[in-house]
Amino acid sequence: MTRKTLTQYLVEQQRQKKAVSAEVRLLIETVARACKAINHAVSKGALGGVLGSLETENVQGEVQKKLDVLSNEILLEANEWGGHLAAMASEEMETIHRIPNRYPKGEYLLLFDPLDGSSNIDVNVSIGTIFSVLHAPHHTSGREVEEEDFLQPGSQQVAAGYAVYGPQAMLVLTVGTGVVSFTLDREMGSWVLTNEDIKIPEQTSEFAINMSNMRHWEAPVKRYIDDCLAGKTGSLGKDYNMRWIASMVADVHRILTRGGIFMYPRDERPSGKAGKLRLMYEANPMSFIVEQAGGAAIDGNERILDVQPTALHQRIGVVLGSKEEVERVRNYHAQA
Ligand SMILES: O=P(O)(O)OC[C@H]1O[C@](O)(COP(=O)(O)O)[C@@H](O)[C@@H]1O
Ligand SMILES: [Mg+2]
Ligand SMILES: [Mg+2]
């Protein structure tokens, strides 16, 4: 079997398909290298002293785990000198991180959730890193990059991907020409292409949602899950299975592998937060990947990739996965 590495795949996308620039290729390679380093730290666990929490909270008011902070530092450091970046934004940082001496020249913006699935770190369940690449709109104007430059709808993404640190470390990527995945060859230290064209089955009978939030859900979500639970005897006429890993990367990875619907809906909690997941670091990159794999992603009513962000750390309801099922949830919202 001929093995294609990430670099070979990206060179092909650059030269033959003109899907990425040389700069984006280098940027993705740098992020992928950082993911290898994060995977290394994750796999050491207690032996590397990386488990447990810190006393700090991030901008979202969540207690930071040691690995949240370490992964953030690995990504910042790797990208500080490589690539053509103007600035980075992270779930773990209050404001943007400009690349010293690079702005206003840098052409791209990088956003990431350095460690997704934080509650699973200490229990040895799959976790991951999610990233998104945007053009830097300030680039041609010669001014300094600002936070507002990041506030672009997800449809503007140049590339998006995630790494999942599980029994195998995998990197899933889209540059807008479909979705591919790479498996980390730990001996060689390279990401090897293992799926060239990921497609999400249009139909499914598997849903993923945190049922403990049921009392807060909006009526259309409640109706949909009730229908799934009714199984063969209900209006959907088939039995459904349920999975909830509580790491978005791992849940989405399962959906890319065998289909399904993933929901972290906005709800009616008094906190007034529009869901739990973050638009810029989680919802947008995952929606880009899911759509490129033939699936769909909405916030309940609207296509997530069309949402105009208003804040860097904005939250949003997320319903994504197999097209027919996402469409059903959209219809339930429309009928409500
Ligand atoms: O613990 P809950 O409420 O089920 O939430 C799980 C969700 O929270 C997240 O862990 C949020 O991501 P972070 O770990 O990056 O904060 C998602 O990966 C996951 O889908
Ligand atoms: Mg996350
Ligand atoms: Mg995180």
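Residues numbered from 1 in each chain as written. Chains lettered and ligands numbered in written order. Predicted model: local features only at pLDDT ≥ 70, side-chain atom pairs only at ≥ 80, totals over all residues.

A. Main features of the UniProt feature "binding site: Mg(2+) 2" (unreviewed entry) in the protein chain. As annotated by UniProt and renumbered to match this structure, "binding site: Mg(2+) 2" (unreviewed entry) occupies D113, D116 and E282. Judged by maximum C-alpha separation, these annotated positions cover 170 residues in sequence but sit close together in space, the widest gap being only 8.6 Å. Overall, D116 belongs to the buried group, with 29 C-beta atoms counted inside 10 Å. Among residues more than four places away in sequence, those in contact with D116 are I127, G128, T129, I130, S247, M248, V249 and E282. Mapped onto the elements, E282 comes out in helix α6 (residues 279-292). What makes E282 buried here is the crowd of 27 C-beta atoms within 10 Å. Once residues within four sequence positions are removed from consideration, E282 is found in contact with D113, D116, I130, M248 and L277. (UniProt positions renumbered as here; feature names shortened; annotations may be inferred. Buried ≥ 20, exposed ≤ 12 C-beta atoms within 10 Å, placed from the backbone. Contact = placed C-beta atoms within 7 Å. Helix = DSSP H or I, 4+ residues; strand = E, 2+ residues; numbered from the N terminus.)

B. Broad picture of the pairing of strand β9 (residues 179-185). With five of its seven residues buried, β9 lies for the most part within the structure. One ladder, built from five bridges, connects strand β8 (residues 169-174) with β9; its direction is antiparallel. Looking at β9, one finds that T174 is bridged to V179. Remark: four residues form the turn of the hairpin made by β8 and β9, two consecutive strands paired antiparallel; G176 in that turn has positive phi of roughly 90 degrees. Sheet topology places β9 next to strand β10 (residues 190-195); five bridges connect them, and they run antiparallel. Bridge pairing in β10 links D185 to S190. Between the end of β9 and the start of β10, which pair antiparallel, lie four residues, with G189 showing a positive phi angle near 75 degrees. (Pairing = 2+ DSSP bridges.)

C. Here's a closer look at the environment of L193. Tracing the chain through its elements places L193 in strand β10. If near-sequence neighbours (up to four positions away) are discounted, L193 is found in contact with K4, Y9, V180 and F182.

D. View of the nonpolar core. Ranked by size, the top nonpolar core spans 100 residues in total, and within it Y108, L110 and L171 carry the most contacts. In terms of residue count, the dominant contributor to this core is helix α2 (residues 22-44) (nine residues). Mapped onto the domain boundaries, this core takes at least three residues apiece from domain 1 (6-195) and domain 2 (206-335). Contacts of L110, omitting those with residues within four sequence positions, involve L27, N79, L85, M88, F131 and V133. (Core = buried A, V, L, I, M, F, W, Y, C linked by C-beta atoms within 7 Å. Domains from an automatic or database assignment.)

E. Fine view of helix α4 (residues 219-230). The terminal C-alpha atoms of α4 lie 16 Å apart, and with twelve residues this matches the ideal 16 Å at 1.5 Å per residue to within 8%. Taken together, the buried positions of α4 are occupied by P220, V221, Y224, I225 and C228. For α4, the angular spread of buried residues about the axis comes to 130 degrees, placing them on one side. Exposed residues lying more than 90 degrees from the buried face of α4 are A219 and D226. Each element contacted by the buried residues of α4 is listed here: β11 (206-208), β13 (261-264) and α7 (323-335). With its phi angle positive at about 60 degrees, G231 sits one or two positions after the end of α4. (Expected span 1.5 Å × (residues − 1). Arc of directions from axis to C-beta.)

F. Structural context of the sheet that holds strand β4 (residues 97-98). Read across the open sheet, the eight strands follow the order β4-β3-β5-β6-β7-β8-β9-β10; overall the sheet is mixed. Looking along the sheet, the strands with just one partner apiece sit at the ends: β4 and β10. Here six bridges tie strand β7 (residues 159-165) to β8, and the two strands are oriented antiparallel to one another. Looking at the pairing, G161 lines up with L173 of β8. Contacts from helix α3 (residues 66-81) reach β3 (85-90), β4, β5 (108-116) and β6 (127-135), with the element oriented near 155 degrees to β5. (Axes fitted to C-alpha atoms, helices over the stretch in contact; angles between N-to-C directions.)

G. Spotlight on the site of ligand 1. The local shell around ligand 1 consists of E91, D113, D116, G117, S118, S119, N210, A246, S247, M248, Y264 and K276. The residue inventory of the shell around ligand 1, partitioned by class, reads three nonpolar, five polar and four charged. Here the shell around ligand 1 spans two domains, and each of domain 1 (6-195) and domain 2 (206-335) adds at least three residues to it. (Near = placed C-beta within 6 Å. Nonpolar A, V, L, I, M, F, W, Y, C, P; charged D, E, K, R; others polar.)

H. View of the sheet that holds strand β15 (residues 318-321). Spatially, the five strands line up as an open sheet ordered β12-β11-β13-β15-β14, and their pairing is mixed. For this open sheet the edge positions go to β12 (241-242) and β14 (296-298), each flanked by a neighbour on one side alone. Here β14 pairs with β15 via three bridges, running antiparallel. Paired with I298 across the strands is V319, a residue of β15.

I. Looking closely at the packing of α2 against α3. Look at α2 against α3: their axes get within 9 Å of each other, and the N-to-C directions meet at 150 degrees. When the axes of α2 and α3 are compared, the pair comes out roughly antiparallel. When the axes of α2 and α3 are compared, the crossing they make is right-handed. Where α2 approaches α3, its residues T30, R33, A34, A37, I38, A41 and V42 are matched on the opposing element by L67, L70, S71, I74, L75, A78 and N79. (Parallel < 35°, antiparallel > 145°, perpendicular 65-115°, else oblique. Left-handed = near helix turned anticlockwise from the far one by under 90°.)

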